[in-house]
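# Coordinate inspection notes
Now for the letters of each chain:
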Amino acid sequence: MRIACFGNMNNNLFALTRYLQDAGFDSDLLVFEGEFDHFKPEADCFGSPNINFVKKISWGNAASTLKINRKESIKELIDKYDFHIGCGAAPAYFNKAREKLDIFMPYGSDIYEYPFFRVNFSRYRKIFKDYYYAKRQKTGIRKAGNVILDVTNDEFENYLKLIKPRGKRYFSNIPFLYLPEYSSENIERYSKKSELFIRVKNQTIDSDFNIVMHYGHCWKNPASIFHNKGNDQVFIGLKKLITKYPEKKIKLFTFEYGLETNDSKNLIHQLGIEENVSWLPISYRKEIMMVLSLMDLGMGEICNSWFSYGTVYECIAAKLPVIMNRNDILYKSQYPEMYPVLNAQNPEEVFKQMEWAFFNKGRAKQMGLDANLWFRKYATEKPLRLIIDLINKKAKT
């Protein structure tokens, strides 16, 4: 049975494709046109592994509004495979070809943005194309055989209710990272050749406490509530910690990633903590994972409550304790057992959790180890079994 994974936002389906190959399946990753450079497969693996199962295709870009290919050329590719898994704009393109995904695995904007037409007069000539794209995305999601999307929050779930998927919804994680790639042996081996790792290591040598925040900067004028990461609240909380313990050398590492990176730099200047914040360039996941190995604490998003997302899971895969906004009431019915976190929803709580982690490094480290065990069980092994079961179920029909 041939399996195709369409799209690779956040490197998610590259990891899945590799796991499926390990399980004995003939699986390919089809990388959409226009994928971000830091979400390409080579960003997520060390050395020069054999990745001939990765195919670049000329469609799949949401910005193209389906203008590139005739439905026949899309269908011709789809028909080469027996089982289809997709994210992003995959539902729209499948609907154009009058086909349906077996599994839709959304990452966010493919639910709350792509399926909903909004008049944008700056794109007046494309209004009709935008309308038909949104319609096809919504219909494509609606017709998908299965939707794998972990429990989120009320605002996000409302968008899914408007789409009304007919396929079965599985409240499940997806295998975010290919864990064998990020073994401690690989990190140690390849970090010796990494300029970024060496640069960060030199900065951490004399530091008493190292924090990382590696999600994008978006907090001042977010396009929607879902885009707001709450970076400003992290910086304000950090300022409180530095002010209370001026004799301590505290460092926060973050990346020049996100539309409001300059706004974050201005805020840091206003707060007077420029010496405590180190800016790193946009980096591949493999570089980020090496940087995480040097940290004491990871930061998750503060503005919205989420349970499953890449930056937090990357920290957990690196066995780091994490500060994040997580309203456990939303998730306890699905996850009676949750990974441990340090919860914070505002700058004061961020400060208090940073302070606790700083003065309780041993206990904080154990939180990271416990979260890692949870991650392997519930965010890797269990969702992989679910996906394999769905594949095998179709194979028997």
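Structure first, text after, so check above.
My aim in this report is to walk through the structure given alongside it, one point at a time. (Residues numbered from 1 in each chain as written. Predicted model: local features only at pLDDT ≥ 70, side-chain atom pairs only at ≥ 80, totals over all residues. Heavy atoms only, no water.)

Okay, the pairing of strand β9 (residues 250-255) next. Counting buried positions along β9 gives six out of six residues, so the element sits mostly inside the fold. Of the two faces of β9, both are covered, the one formed by I250, L252 and T254 as well as the one formed by K251, F253 and F255. Summarising the sheet, β9 and strand β10 (residues 277-280) pair through four bridges and their orientation is parallel. Within the sheet, the bridge partner assigned to F255 lies in β10 and is L280. For the segment spanning β9, helix α10 (residues 261-271) and β10, crossover handedness is right-handed. (Buried < 20%, exposed > 50% of the residue type's maximum accessible area, 1.4 Å probe, protein only. Helix = DSSP H or I, 4+ residues; strand = E, 2+ residues; numbered from the N terminus. Pairing = 2+ DSSP bridges. Right-handed = clockwise from strand over helix to strand, strands pointing away.)

The next thing to look at is the state of the cysteines. Scanning the model with the defined rule gives zero disulfides in all. The closest cysteine sulfur to the non-disulfide-bonded C303 is located on C218, 9.4 Å from its own sulfur. Overall, C303 belongs to the partly exposed group, its relative accessible area being 29%. Free of any disulfide, C315 has its nearest neighbouring cysteine sulfur in C303, separated by 18 Å. Judged by relative accessible area, which is 0%, C315 ranks as buried. (Disulfide = S-S within 2.5 Å.)

Here the focus is the sheet that holds strand β1 (residues 2-6). Strand order in the open sheet formed by seven strands is β3-β2-β1-β4-β5-β6-β7, with parallel pairing between adjacent strands. The outermost strands of the open sheet, each flanked by one partner alone, are β3 (54-56) and β7 (168-170).

Mapped onto the elements, N304 comes out in the loop between β11 (297-299) and α12 (310-317). A polar contact of 3.3 Å, which involves the side chain of N304, links it to the backbone oxygen of N228. For N304, the contacting residues outside a window of four places in its chain are I225, F226, N228 and N325. (Polar contact = N/O pair within 3.5 Å; in protein donor to acceptor, adjacent residues only side chain to side chain. Contact = heavy atoms within 4.5 Å.)

On to the packing of helix α1 (residues 12-22) against helix α14 (residues 361-395). Put simply, α1 and α14 touch, their axes get as near as 11 Å, and they point 70° apart. Classified by the angle their axes make, α1 and α14 are roughly perpendicular. Here the hand of the crossing between α1 and α14 comes out right-handed. Along its contact with α1, which presents L16, Y19 and L20, the element α14 presents T380, L384, I387, I388 and I391. Among the residues making up the contact of α1 with α14, the classes are represented as seven nonpolar, one polar and no charged. (Axes fitted to C-alpha atoms, helices over the stretch in contact; angles between N-to-C directions. Parallel < 35°, antiparallel > 145°, perpendicular 65-115°, else oblique. Left-handed = near helix turned anticlockwise from the far one by under 90°. Nonpolar A, V, L, I, M, F, W, Y, C, P; charged D, E, K, R; others polar.)

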